[in-house]
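# Close look at the chain arrangement
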Amino acid sequence: MRGADDDGGWPRPPGAALDRPSIARVYDYVLGGKENFDVDRRAGNALLNAVPESTVLAQDNRSLLRRVVRYLVADIGIKQILDIGSGLPSEGNVHEVAHALDPAAHVVYVDKDPVVLAHGRALLSSGEVSAVITADLTDPDSIFGDPETGRLIDPEQPSAVLISGVLHHFPDEADPAGIVARLVERLPAGTYVFISNFLDDDEPRARTLERAFLDGGLGTGRFRTWAEMRPFYAGLELVEPGLVYANDWRPDADTPTDSPVHTLLAGAVGIKRS
Ligand SMILES: C[S@@+](CC[C@H](N)C(=O)[O-])C[C@H]1O[C@@H](n2cnc3c(N)ncnc32)[C@H](O)[C@@H]1O
């Protein structure tokens, strides 16, 4: 087991900055993963000290993501998925959930943090239908111009685009709704888009946790009101039940009914009709 200041144990991925926490590694830490360094654990502990249920918040986000993937693959019949801001491998990875239902579904993981590529490649034993690329949500060319995306995603066919737990790391000045719109305009009608974001539903823990994100090392973590989230889905028709608390989105037998952070996360799936 690594000590508090031990940054050894696994090779530093090329391009990984260890002088500051990374969103992917802090998220991994909060979820109980091992792919993090002392600088990440300090930032993660700032969140856990502020709101100890932060772990449940991350788990609820993963649980929502899995339900969305099941819905898209099983109910809609989606054959190609772009998971943007995918993060480090975690329990119930998107390709695992998708392939349990359709082994031929194509999955491209996209993250701007090179640590994701380093760990993702090792995870994907079968590269035939899945890939991990380093690219940026704010630069659609970096995603669609990547040869792996070209190999696995047919731009003429409907895809599912997952932007799960990513936009709250964009400040308002970055125009997250515009970033989504510029990406979605590259995709054909019939494309599904899933977005989740931290929710500010007027409860004090939202502001406490937002402060911990901003001051605790990460510097990003914007809790948004329902009204602030709605523009993310502009031009999309929301599928039932619309934009709701994460655990209220098509809950299944495994969805927590008594989450202590029920009101701190929301999400929706929309379809591009034309
Ligand atoms: C909190 S994690 C979410 C992981 C996963 N999507 C989930 O919901 O469990 C956010 C991820 O978004 C990535 N990210 C942040 N900004 C990004 C950008 N501009 N382009 C691509 N990925 C980005 C981070 O590196 C991080 O891995």
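Residues numbered from 1 in each chain as written. Predicted model: local features only at pLDDT ≥ 70, side-chain atom pairs only at ≥ 80, totals over all residues. Heavy atoms only, no water.

### Considering the site of the ligand
Taken together, 19 residues lie near the ligand, and Tyr27, Gly85, Asp111, Asp136 and Ser164 sit nearest. Here an oxygen atom of the ligand sits 2.9 Å away from a polar atom, N or O, in the side chain of Arg62. In this structure, an oxygen atom belonging to the ligand sits 2.6 Å away from a side-chain N or O atom of Asp111. Across the complex, the protein chains shield 98% of the 610 Å² of accessible surface that the ligand would expose by itself. More than half of the atoms belonging to the ligand lie within 2 Å of the grid points that define the largest pocket. (Near = heavy atom within 4 Å. Polar contact = N/O pair within 3.5 Å; in protein donor to acceptor, adjacent residues only side chain to side chain. Areas by Shrake-Rupley, 256 points an atom, 1.4 Å probe, with all protein chains shown as cover. 1 Å grid on protein atoms, 1.4 Å probe; cavity = no way out; pocket = protein on both sides within 12 Å on 5 of 7 lines; lining within 4 Å. Sits in = over half its atoms within 2 Å of the grid points.)

### A short note on the layout of surface pockets
The probe, sized like a water molecule, is rolled over the atoms to show the empty space still left. Looking at the largest pocket, its volume works out to about 940 Å³. Lining the largest pocket we find 43 residues, and of these Ser22, Ile23, Ala24, Asp111 and His169 sit closest to its centre. Of the residues belonging to the lining of the largest pocket, the class tally is 23 nonpolar, 12 polar and eight charged. (Points joined across faces, edges and corners; volume = space filled by probe spheres on them. Nonpolar A, V, L, I, M, F, W, Y, C, P; charged D, E, K, R; others polar.)

### A closer look at the confidence of the model for the chain
For the chain, per-residue confidence averages 92 on the pLDDT scale, and 93% of positions sit at 70 or higher. Segment residues 1–9 is flagged for pLDDT under 50; beyond a separation of four residues in sequence, or across chains, it makes 15 contacts in the model. (pLDDT = per-residue confidence, 0-100. Contact = heavy atoms within 4.5 Å.)

### Describing the packing of helix 1 (residues 23–30) against helix 2 (residues 38–50)
Any two packed helices are characterised by the angle at which their axes cross and by the distance between the axes. Direction vectors running N to C along helix 1 and helix 2 enclose 60°, while the axes themselves pass 9 Å from each other. As summarised for this structure, helix 1 and helix 2 are arranged oblique, according to the angle between their axes. Like other packed secondary-structure pairs, helix 1 and helix 2 cross with a definite hand, here right-handed. On the side of helix 1, the interface is formed by Arg25, Val26, Tyr29 and Val30, while helix 2 contributes Val39, Asp40, Arg41, Ala43, Gly44, Asn45, Leu47 and Leu48. Residues that form the contact of helix 1 with helix 2 fall into these classes: seven nonpolar, two polar and three charged. (Axes fitted to C-alpha atoms, helices over the stretch in contact; angles between N-to-C directions. Helix = DSSP H or I, 4+ residues; strand = E, 2+ residues; numbered from the N terminus. Parallel < 35°, antiparallel > 145°, perpendicular 65-115°, else oblique. Left-handed = near helix turned anticlockwise from the far one by under 90°.)

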